[in-house]
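Chain and residue survey
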Amino acid sequence: MPEHVEVRLPDDVRLHVEATGPADAEVTVVLLHGWTLDGRAWHRQLADLRERFDGAVRVVTYDARGHGRSSCMALPTATVAQLGDDLVAVLDEAAPTGRVVLVGHSMGGMTIMEYAHRHPGHFAARTAGLVFVSTTAEGHTHTVYGISPRIARLIRIAETTGAGVLARCGSWRPPRALLRALRPSIRWMLFGDRCDPHDIRLVTSAVARASLRSIGGFRASIGAQHRLDTLAALAHLPAAALVGDRDRLTPPPCAESIAAALPATELTVCPGGGHMLMMERPDEVNAALVGVLRRVLAASGTAGRVD
């Protein structure tokens, strides 16, 4: 059973953290979820890591501020920069020793980039590998929702306006009845050719747990973030990037620019995949994660104990 840890941040936000494996493991995998989701998004990766490594590595998931079972926050702290600071606190509390492999989906990938940008010394001392899943280092530069750029611009204006309204709604959460009605739209926006009914229910459940302040508040900084220069300084790390060719939020050019900044990165483009690759294409995501993890374990001299 996972251990549950509550990490209290300097601004009194409480993060819900779950961990499995020894606290003194030489390598810890940290899985960071995307915007409006929570740690349950990684359920297929958690099962695979448990089966493959059987406690030889520590695995940590947590719900970002304003998401899942973590508490809400003041609106000025609903930024990816703040999420980068929060990651430092999670690592210090839930994985205080050893090296870490950071795995980020969408906003989670952007959180990793902010951590590297804002805390370069801490990042260098702890981080041994990176996996980016359906994310971007260029804000909304490439986001056209799979439609014409002109219509996409109109949608972005409406989305930005709506986000500003939601951000002022505090800790209220979306009505579940409304989310059920919007399920076809959520399915279209987030998934590609395939969508397991369990996954769309899980995603809808996660959105229902997110505060309206987090749904609206994070939108501005997500769209404005640009961290390609930060990534270029991390080219020495084992890394992988994955994207679906039907991803409407972070399409292939987003992953291609990450791979260009990190030339040793293994880039995987999943045909028919949408934005939720860890659910839609778990085998590909698991293989990329395990590939990076095995390289890190080999460098630490522990690979023979987990093969």
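Just above, that's the structure.
Owing to the predicted nature of the structure, the values given are computational and were not obtained by experimental measurement.

1. Regarding helix H1 (residues 43–53)
By the burial criterion, the buried members of H1 are Gln 45, Leu 46, Asp 48, Leu 49 and Phe 53. The buried residues of H1 occupy one face: seen down the axis, they fall within an arc of 165°. Contact partners of the buried residues in H1: strand S3 (27–32), strand S4 (58–62), helix H13 (277–280) and helix H14 (282–300). Downstream of H1 by a residue or two, Asp 54 has a phi angle that is positive, lying close to 45°.

2. Concerning the packing of helix H2 (residues 80–94) against helix H3 (residues 107–118)
At a minimum axis separation of 7 Å, H2 and H3 run at an interaxial angle of 80°. Of the possible angle classes, the one that applies to H2 and H3 is roughly perpendicular. Between H2 and H3, the contacting residues are Val 80, Ala 81, Leu 83, Gly 84, Asp 85, Leu 87, Val 88 and Leu 91 on the first element and Met 107, Met 110, Thr 111, Ile 112, Glu 114, Tyr 115 and Arg 118 on the second. For the contact of H2 with H3, a count of residues per class yields 10 nonpolar, two polar and three charged.

3. Describing the sheet that holds strand S6 (residues 127–133)
In space, the eight strands of this open sheet follow the order S1-S2-S4-S3-S5-S6-S7-S8, with mixed pairing throughout. Among the strands making up the open sheet, the edge pair consists of strand S1 (3–8) and strand S8 (266–270). In this sheet, adjacent strand axes meet at a mean angle of 20° when their direction is disregarded. Both S3 and strand S5 (residues 99–105) contribute to a ladder of six bridges, which runs parallel. Paired with Leu 32 across the two strands is Gly 104, which belongs to S5. Across the sheet, helix H12 (residues 252–261) touches S6, strand S7 (239–244) and S8, and the angle it forms with S7 is around 165°.

About the criteria used
- Residues numbered from 1 in each chain as written.
- Predicted model: local features only at pLDDT ≥ 70, side-chain atom pairs only at ≥ 80, totals over all residues.
- Heavy atoms only, no water.
- Buried < 20%, exposed > 50% of the residue type's maximum accessible area, 1.4 Å probe, protein only.
- Helix = DSSP H or I, 4+ residues; strand = E, 2+ residues; numbered from the N terminus.
- Arc of directions from axis to C-beta.
- Contact = heavy atoms within 4.5 Å.
- Axes fitted to C-alpha atoms, helices over the stretch in contact; angles between N-to-C directions.
- Parallel < 35°, antiparallel > 145°, perpendicular 65-115°, else oblique.
- Nonpolar A, V, L, I, M, F, W, Y, C, P; charged D, E, K, R; others polar.
- Pairing = 2+ DSSP bridges.

These results come straight from atomic positions and should not be treated as a statement about function.
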